[in-house]
Amino acid sequence: MIFIVVKFKVKPDWSERWLDLVSDFTRATRQEPGNLWFDWSRSVDDPNEFVLVEAFKDDAAGDHVNSPHFKQAMADMPQALAETPRIISRQLDGEGWDRMGELTI
């Protein structure tokens, strides 16, 4: 799978509107056949930083970045961003989340 984490630093006046701005993008991406997950979180240390954790089946990442909703999101997001997003993108073995061995419930 392709595992991606992106940190988005938004302008303070966009911090309460960010999730609305990306809602169509989020919904469309989650409906892609190769999407495994696409989850937003907000930093507990910086209210202007949002973290996106996403994963795709190996052959689906290309379809994602070439989709109309991805292109639209890339056009919509800059108005709200304070800086260029930071990303980690890696290909990993597996197809989903594993259970944590050190803490079993």
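None of these values were measured; they are calculated from a predicted model.

**Student:** Just to check I follow, could you spell out the nonpolar core for this structure?
**Tutor:** Soluble, globular proteins show a tendency: their nonpolar side chains are buried together. Of all hydrophobic cores here, the largest spans 21 residues; its most connected members are Phe8, Trp18, Trp40 and Met77. Breaking this core down by element, the ones donating at least two residues are strand E1 (2-9), strand E2 (35-42), strand E3 (49-56) and helix H4 (68-76). Per-element accounting of this core gives the leading share, 4 residues, to E1. Contacts of Trp18, omitting those with residues within four sequence positions, involve Phe8, Val10, Trp40, Phe50, Met77, Ala80 and Leu81. Of all hydrophobic cores here, the second largest spans 5 residues; its members include Met1, Trp37, Val53 and Ala55.

**Student:** What exactly am I supposed to notice about the side chain of Thr26 here?
**Tutor:** Tracing the backbone shows Thr26 in helix H2 (residues 23-30). Thr26 gets classed as buried once you look at its relative accessible area, which sits at 7%. Within the structure, Thr26 has its side chain in polar contact with the side chain of Trp40 (distance 2.8 Å). Apart from residues lying up to four places away in sequence, Thr26 is in contact with Phe38 and Trp40.

**Student:** Looking at this structure, how should I read the UniProt feature "domain: ABM" (unreviewed entry) in the protein chain?
**Tutor:** As recorded in UniProt, the feature "domain: ABM" (unreviewed entry) lies at residues 1-75. As annotated, residues 1-75 has a helix share of 33% and a strand share of 32%, and its two end C-alpha atoms lie 27 Å apart.

Rules used in this analysis
- Residues numbered from 1 in each chain as written.
- Predicted model: local features only at pLDDT ≥ 70, side-chain atom pairs only at ≥ 80, totals over all residues.
- Heavy atoms only, no water.
- Core = buried A, V, L, I, M, F, W, Y, C linked by side-chain atoms within 4.5 Å.
- Buried < 20%, exposed > 50% of the residue type's maximum accessible area, 1.4 Å probe, protein only.
- Helix = DSSP H or I, 4+ residues; strand = E, 2+ residues; numbered from the N terminus.
- Contact = heavy atoms within 4.5 Å.
- Polar contact = N/O pair within 3.5 Å; in protein donor to acceptor, adjacent residues only side chain to side chain.
- UniProt positions renumbered as here; feature names shortened; annotations may be inferred.

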